[in-house]
Amino acid sequence: MLNLENYIRDIPDFPKHGVVFKDITPLLANKEALVSCTTALLNLTENQKIDKVVGIESRGFFFATSLAQHLNAGFVPIRKPGKLPFETLKQPYTLEYGMDALEIHEDAISKGDKVLLHDDVLATGGTASAACKLIEKLGGEIVQCNFLIELEFLKGASKLRKYDVRSLLTY
Ligand SMILES: O=P(O)(O)OC[C@H]1O[C@H](OP(=O)(O)OP(=O)(O)O)[C@H](O)[C@@H]1O
Ligand SMILES: Nc1ncnc2[nH]cnc12
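The rules behind these values
Residues numbered from 1 in each chain as written. Chains lettered and ligands numbered in written order. Predicted model: local features only at pLDDT ≥ 70, side-chain atom pairs only at ≥ 80, totals over all residues. Heavy atoms only, no water. Near = heavy atom within 4 Å. Polar contact = N/O pair within 3.5 Å; in protein donor to acceptor, adjacent residues only side chain to side chain. Areas by Shrake-Rupley, 256 points an atom, 1.4 Å probe, with all protein chains shown as cover. Helix = DSSP H or I, 4+ residues; strand = E, 2+ residues; numbered from the N terminus. Nonpolar A, V, L, I, M, F, W, Y, C, P; charged D, E, K, R; others polar. pLDDT = per-residue confidence, 0-100. Buried < 20%, exposed > 50% of the residue type's maximum accessible area, 1.4 Å probe, protein only. Pairing = 2+ DSSP bridges. UniProt positions renumbered as here; feature names shortened; annotations may be inferred. Right-handed = clockwise from strand over helix to strand, strands pointing away.

Caption draft 1: Representation of the site of ligand 1 in the model. Taken together, 16 residues lie near ligand 1, and Tyr 97, Asp 119, Asp 120, Thr 124 and Thr 127 sit nearest. Residue Gly 126 places a main-chain N or O atom 3.4 Å away from an oxygen atom belonging to ligand 1. In isolation ligand 1 exposes 500 Å². Once the protein is present, 88% of that is buried. Of all the elements in the fold, those that place two or more residues in the shell around ligand 1 are β5 (88–95), β7 (114–122) and α4 (126–137). The element contributing the most residues to the shell around ligand 1 is β7, with 3 residues. Counted by class, the shell around ligand 1 contains 4 nonpolar, 6 polar and 6 charged residues.

Caption draft 2: Summary view of the confidence of the model for the protein chain. With 100% of its residues at a pLDDT of at least 70, the protein chain reaches an overall mean of 97. For this predicted complex, the interface score ipTM comes out at 0.99, alongside a pTM of 0.97.

Caption draft 3: Focus on the pairing of β7. Where burial is concerned, most of β7 is hidden: 8 out of the 9 residues are buried. Bridge analysis of strand β3 (residues 52–56) against β7 gives 4 bridges, and the strand direction is parallel. Residue pairing across strands places Gly 55 opposite His 118, the latter belonging to β7. Across 8 bridges, β7 lies against strand β8 (residues 141–150) in parallel orientation.

Caption draft 4: Representation of the UniProt feature "domain: Phosphoribosyltransferase" (unreviewed entry) in the protein chain. When the UniProt feature table is mapped onto this chain numbering, "domain: Phosphoribosyltransferase" (unreviewed entry) sits at residues 27–164. Structurally, residues 27–164 is divided into 28% helix and 33% strand, and its ends, taken at the C-alpha atoms, are 25 Å apart.

Caption draft 5: Examining the site of ligand 2 more closely. Val 19, Val 20, Phe 21, Lys 22, Arg 59, Glu 96, Tyr 97, Val 121, Ala 123 and Leu 151 make up every residue found near ligand 2. Contact between ligand 2 and Lys 22: a nitrogen atom at 2.9 Å from a main-chain N or O atom of the residue. Interatomic distance of 3.0 Å between a side-chain N/O atom of Arg 59 and a nitrogen atom of ligand 2. The element that contributes the greatest number of residues to the shell around ligand 2 is strand β2 (residues 20–23), accounting for 3 residues. Classifying every residue of the shell around ligand 2 gives 7 nonpolar, no polar and 3 charged.

Caption draft 6: Quick look at the pairing of β3. The buried fraction of β3 is high, at 5 of 5 residues. A two-sided burial pattern is seen for β3, the buried positions comprising Lys 52, Val 54 and Ile 56 on one face and Val 53 and Gly 55 on the other. Handedness of the β3-helix α3 (residues 61–70)-strand β4 (residues 74–78) crossover: right-handed.

Caption draft 7: Representation of unusual backbone geometry in the model. Look at the link from Phe 14 to Pro 15: it is a cis peptide, with omega at -5°. Positionally, Pro 15 belongs in the loop between β1 (9–12) and β2. Backbone torsion omega between Glu 57 and Ser 58 reads -15°, so that peptide bond is classified as cis. Of note, Ser 58 is situated in the loop between β3 and α3. Here the phi dihedral of Asn 47 falls at roughly 60°; this positive angle occurs in a residue that is not glycine. In this fold, Asn 47 is placed in the loop between α2 (31–44) and β3. Phi at Asn 72 takes a positive value of approximately 55°, unusual for a residue other than glycine.

See below:
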């Protein structure tokens, strides 16, 4: 297994002064690292039954669709406002460097669906907890929230205490 940390670079003061941004584009661009990361994320799920993998725009999409294919599950996008064309549910949130809102299609998840939530980074947890609220409003059962990177010092996991939270890399 490759050391995935070697494919993630720190960008100081992006997108705002004081934020050290974890740039995963070197990992995405390397074919061995891409496979290794997908396999490692899949291993976190431990063969649990999953009906839908939910990915959060935009960096959550990179691995969520691939995870869905490997898990024989559907993929559901959670997007920034105004991007989804059908009827939506909306949830405001704050994140490490700003605030916004997230939307999901109201028919994207059926009551009782077993859901894996995936995103690239867990920072303050604002984004992921808003996504969990949307999934649960639609009747989804969150089996696991998994992340490529967890910035532990921002304590995002404390907003997700109800859930099985797993991360490949912690900083
Ligand atoms: O835990 P939080 O403090 O909420 O931050 C984590 C979120 O921030 C980033 O997304 P961003 O909003 O930058 O959007 P992007 O994926 O489109 O770049 C990241 O991909 C997570 O979704
Ligand atoms: N420091 C960080 N690097 C990359 N994505 C992020 N999302 C929130 N904080 C982040």
